[in-house]
Amino acid sequence: MRGIIPRKIKGFRDLGPDLNQIRWKIINSAGEVYKAYGFEHWDTPALEYAECLGKYLPESDSVAEGVYSFHNPEKEPVLEKDGKKMRDEWDHVVMENHFLTMRYDLTAPLARTYAEQLWMRHLRGQLQAGKTPLFRRYQFGPVFRFEAKLDPGRFREFWQLDFDSVGTADTAVDAEACMILSDAMEAVGLNRGNYIVRVNNRKVLRGFLEQLGAKSEEQEQAILRIIDKVDKIDLKGVEEELGKGRTDQSGAEIPGLGLEPAMINSIIGFLEKFSTAGKRQEVLAHLEQTKEMGTLAHEGLAELQIIHRMLTDAGYDEERVVFSPNLVRGMAYYTGPVFEVESTQTYKDEKGRERQVGSICGGGRYDDLVKNLLGLEVPATGASIGVDRLTELLMLTGQIPEQQSGPVLVVVFDDHLMGEYQKIAKELRDTGVPAEVYYGSQRGLKKQLSYADKKNCPAAILLGEDEMQKGVVTVRDLKLGKKMSEQITDKAEWKKKVQSEVPRGDLLEKIAAML
């Protein structure tokens, strides 16, 4: 019979205090930027009805197409389009185990939240056509995707930190998103020059492909998916996948789209022209001179020109934000401007090879997502920071923040003094100083101080029977002790400098002065 093996699911992980400290530094720092721009904090459930998360989901019980889905164990009514319960020919309410999905991002649940609010207003007769309310929110939390290939920094459960503006078609909001991403990166601790915000407009690429003769929306999306891989498979790989296909490094055969050579050459020529980022104004000029630009592409170009003016007026130059006409972004729901933050820093892998983490944030305009739920035109734009990707970047490039101070540790020598230990700890906490009483089974002083060292405790309070009789406590300055250990080798001299005996009544004052 098989025994129980304690283990994690592949692609999931436990996070200790060090990783959590970095994660919360990212969330708190970027969150303050979001709030400074007027966004309010909202949360949504991790589990949603599959039908409410859009068409990007599997239609079977198995894990497929990158999401985790299953049937609800509870039977619930099936609803008609007007929200009323569906009834069968005998007037019985139709019940079923609805399909549920773990959220794969925070944008689709946002669309559901907003659409649900509109639906309730519609039922109350308060919704006016063409007058959708402005809704600006930020949110952070875990999302779940079945990533087939787990590269460094990629997991099947990971955290995102989003901001979105719903209910506005103003292109200035797209420009603002680029500013927010830039400000957030610097608030987190990335120096200017160590990141770049890349911007494009999918209308430009779609209009370009339309002029080249893309036969359908499906073919257009297939071409865009291949273009999106240019950083991974380079131009040669893109050319092969647009044509006859290619063999990847593992030996697997990747089928091609079988496009006409002339169309492939035009696409590759377009990508080559914009393979290196120049000045935004230069990119716009090159796009204006591109022959294969239909109405849709010119619409996208006009929006990029507005974004450029807004960024220039606000002081965001090419050191922070560039235009990249070959940027696609993976999600199919993007309809206009798209953004991506790329780390320019490198690190060395276990084999000593120079590597990059790549994209750490992304987003764009998605004007059809609410429409998919309610049939109403609701413009929206937003972006997301990949918290775990950014955490990985900070770790790989040695930008880990200084370990936070732990609590003052109350060392335990005698069980019958436990009441006094608790009293000391409470007095410290009442003055705003975190304090922990040691409860481990190994009571040796060395073990307890080792425990304090791991938790980065700033001080330890030592109280035994002798101190209790004399009405004093011994305070050891652990922070100073670490510093002095690098300078003093004589243990007695070191102890004299970092440890002192104080009257019990002066303990709080002593700790306050020390901290």
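Residues numbered from 1 in each chain as written. Predicted model: local features only at pLDDT ≥ 70, side-chain atom pairs only at ≥ 80, totals over all residues. Heavy atoms only, no water.

**Student:** Any chance you could explain the nonpolar core here in plain terms?
**Tutor:** One broad rule of soluble globular proteins: the nonpolar side chains tend to lie buried together. In this structure, Phe163, Met185, Ile267, Leu287, Ile360, Ile385 and Leu390 are the most contacted members of the largest nonpolar core, which totals 71 residues. Residue contributions to this core peak at nine residues, all from helix H3 (residues 171-188). With residues near it in sequence (within four places) discarded, Met185 still touches Leu190, Tyr195, Val341, Ile360, Cys361, Ile385 and Leu390. (Core = buried A, V, L, I, M, F, W, Y, C linked by side-chain atoms within 4.5 Å. Buried < 20%, exposed > 50% of the residue type's maximum accessible area, 1.4 Å probe, protein only. Helix = DSSP H or I, 4+ residues; strand = E, 2+ residues; numbered from the N terminus. Contact = heavy atoms within 4.5 Å.)

**Student:** What am I meant to see in the pattern of salt bridges here?
**Tutor:** Two side chains of opposite charge can pair, provided their charged atoms sit close to one another. In the structure shown here, the tally under the stated rule is 30 salt bridges. One salt bridge connects Lys371 with Glu377, and the closest N-O pair in it is separated by 3.0 Å. Of the charged contacts, one joins Arg504 and Glu427 as a salt bridge, the two residues approaching to 3.1 Å between their closest N and O atoms. Residue Arg504 is located in the loop between strand S22 (499-503) and helix H17 (507-514), and its partner Glu427 is located in helix H12 (residues 418-430); the two are separated by 77 residues in the primary sequence. Glu427 gets classed as partly exposed once you look at its relative accessible area, which sits at 22%. Where salt bridges share partners, they join Asp183, Glu186, Arg192 and Arg320 into one cluster. (Salt bridge = Lys/Arg side-chain N within 4 Å of Asp/Glu carboxyl O.)

**Student:** What is the right way to look at the pairing of strand S18 (residues 408-411) in this model?
**Tutor:** Both faces of the sheet carry side chains from a regular strand, because those side chains alternate between them. Neither face of S18 is open: one carries Val408 and Val410, the other Leu409 and Val411, and all of them are buried. Crossover handedness for the path S18 to H12 to strand S19 (residues 435-437): right-handed. Inspection of the sheet shows S18 paired to strand S20 (residues 459-462) by three bridges, in the parallel sense. Paired with Val411 across the strands is Leu462, a residue of S20. (Right-handed = clockwise from strand over helix to strand, strands pointing away. Pairing = 2+ DSSP bridges.)

**Student:** How should I be thinking about the environment of Pro133 in this particular structure?
**Tutor:** Counting through the fold element by element, Pro133 comes out in the loop between helix H2 (107-123) and strand S7 (135-144). Once the C-alpha coordinates of Pro133 and Tyr114 are considered, the two residues, 19 residues apart in sequence, prove to be 9.4 Å apart. Not counting chain neighbours up to four residues away, the residues in contact with Pro133 comprise Tyr114, Leu118, Arg121, Val166 and Gly167.

**Student:** What should I look at first to understand a positive patch on the surface in this one?
**Tutor:** A grouping of Lys446, Lys447, Lys454, Lys491 and Lys495 is seen on the molecular surface, where their side chains present a positively charged patch. Taken together, the elements giving at least two residues each to the positive patch come down to helix H13 (445-454) and helix H16 (491-498). Note that Lys446 resides in helix H13. (Patch = residues over 30% accessible without salt bridge, like charges linked within 9 Å, V, L, I, M, F, W, Y side chains within 5 Å. Areas by Shrake-Rupley, 256 points an atom, 1.4 Å probe, with all protein chains shown as cover. Lys, Arg positive; Asp, Glu negative; His and termini not counted. Charge placed at Lys NZ, Arg CZ, Asp CG, Glu CD.)

**Student:** What is the right way to read the packing of aromatic side chains from this model?
**Tutor:** Ring pairs (aromatic) are described by centroid distance and by the angle formed between their planes. For the coordinates displayed, the defined rule picks out 13 aromatic pairs. Taken together, a centroid distance of 5.6 Å and an interplanar angle of 90 degrees make the contact between Trp24 and Phe140 edge-to-face. Taken as a pair, Trp24 in helix H1 (residues 17-36) and Phe140 in strand S7 lie far apart in primary sequence, 116 residues in all. A relative accessible area of 34% places Trp24 in the partly exposed class. Residue class for Phe140 comes out buried when judged on its relative accessible area of 18%. For the ring pair Tyr68 and Phe146, a centre distance of 6.2 Å and an interplane angle of 90 degrees mean the geometry is edge-to-face. Residue Tyr68 is found in the loop between strand S2 (47-49) and strand S3 (69-71), and its partner Phe146 is found in the loop between S7 and strand S8 (157-166); the two are separated by 78 residues along the sequence. Members of the aromatic cluster, connected to one another through ring pairs, are Tyr34, Phe39, Tyr138 and Phe163. The aromatic ring of Phe39 is capped on one face by Arg136, whose charged end is 4.0 Å from the ring centroid. The lysine or arginine in question, Arg280, covers the ring of Phe323, its NZ or CZ lying 6.0 Å from the ring centre. (Phe/Tyr/Trp six-rings, centres within 6.5 Å; stacked < 30°, edge-to-face > 60°. Lys NZ or Arg CZ within 6 Å of the ring centre and 35° of its normal.)

**Student:** Explanation requested: the confidence of the model for the chain in the structure shown.
**Tutor:** Close reading of the predicted structure is inappropriate where its pLDDT is low. Across the chain, the average pLDDT comes to 88, with 96% of residues at or above 70. Ignoring residues within four places in sequence, the model shows residues 56-64, a span with pLDDT below 50, making 22 contacts including any to other chains. (pLDDT = per-residue confidence, 0-100.)

**Student:** Can you help me understand the sheet that holds strand S6 (residues 99-102) in this one?
**Tutor:** Consider a sheet: its strands pair through backbone hydrogen bonds, and that pairing is either parallel or antiparallel. Here three strands make up an open sheet; going across it, the order is S2-S6-S3 and the pairing antiparallel. Across the chains shown, the open sheet's two edge strands, defined by having one partner strand only, are S2 and S3. On average, each strand axis in the sheet is tilted by 35 degrees relative to the strand beside it, whichever way the strands run. (Axes fitted to C-alpha atoms, helices over the stretch in contact; angles between N-to-C directions.)

**Student:** What's the story with the sheet that holds strand S16 (residues 359-365) in this structure? I'm lost.
**Tutor:** With respect to topology, eight strands assemble into an open sheet ordered S1-S7-S8-S17-S16-S13-S9-S12, the strand pairing being mixed. Taken across any chain shown, the strands that pair with only one partner, and hence form the sheet edges, are strand S1 (40-41) and strand S12 (321-323). As judged from the seven bridges shared by S8 and strand S17 (residues 380-386), these two strands associate in the antiparallel manner. Bridge pairing in S17 places Asp164 opposite Gly382.

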